[in-house]
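What the coordinates show
Residue strings, one per chain:
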Amino acid sequence: LTSNTTAAVKSGSSWLITGHKWFVSAPSSDGYLVLAQIATEGLTCFLVPRYLPDGTLNNVRLMRLKDKLGNRSLPAAEAEFDRAHAWIVGEPGRGLVALSDLFALLRLDMSVVAAGQMRTALADYS
């Protein structure tokens, strides 16, 4: 049994996500990566867009911003998903694997950006 009660059910070519998330990173983004349970497959990673292809808002409600210590430049929020449309990222039932691969690439990207900014800051333009 898992503690993740956010559920996903198939609806045409997409999925509908229902549940509550205590931490959603970068709530101002146009999309969120969310872990949800598929009844037959298990924990799966989904991309939940803020806007649907027809331009309407998806059924995602940001409840509140988190009061975090330290890094306030990248906020986190609590969110409620009420049959929000989503698409699978990675393989069904392997949501943690999909997220770990994405986080590894994100960390590499942040390292390269930071190194580039330091090089620019220390460059001698004389």
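Residues numbered from 1 in each chain as written. Predicted model: local features only at pLDDT ≥ 70, side-chain atom pairs only at ≥ 80, totals over all residues. Heavy atoms only, no water.

Thoughts on the layout of surface pockets
Here is the rule we go by: Think of a 1 Å grid over just the protein atoms. A cavity is a set of points where a 1.4 Å probe fits yet cannot get out, a pocket is an open set with protein on both sides within 12 Å along at least five of seven lines, and lining residues have an atom within 4 Å of a point. Grid points are joined across faces, edges and corners, and a volume is the space filled by probe spheres set on the points. Labels follow the DSSP assignment, with helices taken as runs of H or I lasting at least four residues and strands as runs of E lasting at least two, numbered in each case from the N terminus. As a working rule, the residues Ala, Val, Leu, Ile, Met, Phe, Trp, Tyr, Cys and Pro are called nonpolar, Asp, Glu, Lys and Arg charged, and the rest polar, with Gly in that last group.
Estimated volume of the largest pocket: approximately 670 Å³. As for the largest pocket, its lining consists of 24 residues, and the residues nearest its centre are Val24, Ser25, Leu33, Leu99 and Phe103. Those elements that provide at least two residues to the lining of the largest pocket are β2 (14-25), β3 (31-38) and α1 (95-122). A total of six residues in the lining of the largest pocket trace back to one element, the largest contributor, which is β2. When grouped by side-chain class, the residues that make up the lining of the largest pocket number 15 nonpolar, eight polar and one charged.

A look at α1
In an α-helix, one turn spans 3.6 residues; hence positions three or four apart end up facing the same way. Note the following rule: How far a helix is expected to stretch is found by multiplying one less than its residue total by 1.5 Å. Accessibility here uses a 1.4 Å probe with only protein chains present; expressed as a share of the type maximum, an area under 20% marks a residue as buried, one over 50% as exposed, and anything in between as partly exposed. Pairs of residues are marked as contacts when any of their non-hydrogen atoms sit within 4.5 Å.
Counted at 1.5 Å a residue, the expected span for α1 with its 28 residues is 40 Å, and the 41 Å between its end C-alpha atoms agrees. What α1 keeps buried is the set Gly95, Ala98 and Leu99. Next to the buried residues of α1 lie β3, β4 (42-49) and β6 (76-89).

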